[in-house]
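Fold and contact review
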Amino acid sequence: MNFNNVFQFNFPTKIRFGAGIVSELPAYLKDNNLSKPLVVTDPNVANLPFFKQIIQDLSSKGISVEVFSDIHKNPVKSDVYKGDEAYYGTERDSIIGIGGGAAIDVARAILLRINHREDLFKYDDLIGGDVYVTNDVPHFITIPTTAGTGSEVGRSAIIADDETHQKKILFSPKLLAKIIFADPLLTMDLPPFITAATGMDALTHNMEAFVAKNWHPMCDGIALEGIALIHESLEKAVNKPDLESRSKMLIASLMGAVAFQKGLGVVHSLAHPLSSLLDTHHGLANAVNIPYGMKFNIAGFEDKFRRIARTLDLRDESGEAVVQYLFELNTKVNIPHRLRDIGVKSEHIETLADLAIADFAHPNNPKPVSREDFKELYLEAL
């Protein structure tokens, strides 16, 4: 495959994929009579050369740009309300989310907020709030800068309560981007740690989606191919990146986000509380927890793990071999094996277990997970 080529996929929305494809953005805006976008990103991306070049290119084509980057690395409701003020205060006509999962989640939540003025969490999908998402939303464009969450192809945003730290899901088909510009060149300069953490996040999405309890053969096929691409490319993308490895990781990330429409599971419910309570990077939280969560899921689902092992080209086609592979992959990309190495202490365990059992992801795990299970998994990983 020549990754210098440009590709277009129309699944689940229009995706323009290829090196340098972001240069099409100004013309796309002009063609759609959009001239005043709110560009939502995070504080780190806002200071990077490629981002400044994107803004300069837009401005040089007569497009008025307002940048909003006042967001937390694990987004909270107040971030969304501040972005809403920026949109209305500067009379914008569209929203562009540029960045990783946090930036695109905030962008998507602002998109919802523009014409839905009730309390943001009234629209929480976990309490049926999606039925209230009835109004039109502004034109929405996403541009990923990491190969991790795949939020760019999503229809939901995960936003935490500022006080309780509990994560909520804002969901509606209306929140799907009109177009995605997926440019692997934007990921080339990611530091090794971020590449590793976001890459393991993408692997977690694909792997959890594949073992999730619902029957969805289309998602299963996508997830297995995503796992294969990450197996081929993550180590190189972290330690010796080139266009091919970065391209494979970016497409695998997109695939993970499509696949996990089927569901996620225990690993995400272990990881989310680390982010909300301790502000742990979401990808890192998934990376440390995935071997333990996958080990928990083996019994009764040996055939699923056999198929994963085959996809990973493992000689031993067993769940135990998959878990060993995950530990070894974490070592190769310099991810620690223990929660204590990322700031978790024994006194956090009870609160983490409370947050985990309340999390939205584990009901789709292939087997039930109790609060005691979560506590034991945290202690095993500590």
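See the structure above.
Nothing here was measured: the structure is a model prediction, and the numbers come from that model.

**Focus on the overall build of the chain**
- The number of helices and strands found in the chain is 14 helices and nine strands.
- Computed over its C-alpha atoms, the radius of gyration of the chain comes to 20 Å, within 12% of the 21 Å expected for a compact globule of 382 residues.
- Each principal axis of the C-alpha atoms in the chain carries an extent, and together these give about 60 × 45 × 35 Å.
- Out of the 382 residues in the chain, the part that is buried amounts to 59%.
- By sequence separation, contacts in the chain at least 24 residues apart represent 76% of the contacts at least 6 residues apart.
- Distance between charge centres in the chain, computed from 38 positive and 49 negative side chains, equals 2 Å.

**Examining empty space enclosed by the protein**
- All chains considered together, the criterion is met by two cavities of 30 Å³ or more.
- Looking at the largest cavity, the residues that line it are L126, H165, Q166, K167, H272, P273, S276, L355, A358, D359 and F360.
- If one sorts the elements of the lining of the largest cavity by residue count, helix 9 (residues 266–278) sits on top with three residues.
- Empty space within the second largest cavity amounts to approximately 50 Å³.
- Lining the second largest cavity, in full, are A147, T187, L190, T195, T198, G199, A237, R246 and M249.
- Counting only elements with at least two residues in the lining of the second largest cavity, the list comes to helix 6 (192–211) and helix 8 (243–259).
- Counting residues per element, the lining of the second largest cavity draws most heavily on helix 6, at three residues.
- Here the residues of the lining of the second largest cavity sort into four nonpolar, four polar and one charged.

**A word on the packing of aromatic side chains**
- For the structure shown, the criterion picks out five aromatic pairs.
- Between Y28 and F181, the ring centres sit 5.8 Å apart and the planes meet at 80°, which makes this aromatic pair edge-to-face. Placement of the pair is Y28 in helix 1 (residues 25–31) and F181 in strand 9 (residues 179–182), with a sequence separation of 153 residues. Each member of the pair Y28 and F181 is classed as buried.
- Ring geometry for Y292 against F327: centres 5.4 Å apart, planes inclined by 80°, an arrangement best described as edge-to-face. Remark: F327 occurs in helix 12 (residues 319–332) and Y292 occurs in helix 10 (residues 282–297); sequence separation between them is 35 residues. Neither residue differs from the other here; Y292 and F327 are each classed as buried.
- Taken together, the aromatic side chains of F7, F9 and F17 make up a single cluster linked through ring pairs.
- The residue whose ring lies beneath K168 is F121, and the NZ or CZ to ring-centre distance is 5.7 Å.
- In this arrangement the basic side chain of K304 is found over the ring face of F210, its NZ or CZ atom lying 4.2 Å from the centre.

Thresholds, definitions, all that
- Residues numbered from 1 in each chain as written.
- Predicted model: local features only at pLDDT ≥ 70, side-chain atom pairs only at ≥ 80, totals over all residues.
- Heavy atoms only, no water.
- Helix = DSSP H or I, 4+ residues; strand = E, 2+ residues; numbered from the N terminus.
- Rg over C-alpha atoms; globule rule 2.2 N^0.38 Å.
- Buried < 20%, exposed > 50% of the residue type's maximum accessible area, 1.4 Å probe, protein only.
- Contact = heavy atoms within 4.5 Å.
- Lys, Arg positive; Asp, Glu negative; His and termini not counted.
- Charge placed at Lys NZ, Arg CZ, Asp CG, Glu CD.
- 1 Å grid on protein atoms, 1.4 Å probe; cavity = no way out; pocket = protein on both sides within 12 Å on 5 of 7 lines; lining within 4 Å.
- Points joined across faces, edges and corners; volume = space filled by probe spheres on them.
- Nonpolar A, V, L, I, M, F, W, Y, C, P; charged D, E, K, R; others polar.
- Phe/Tyr/Trp six-rings, centres within 6.5 Å; stacked < 30°, edge-to-face > 60°.
- Lys NZ or Arg CZ within 6 Å of the ring centre and 35° of its normal.

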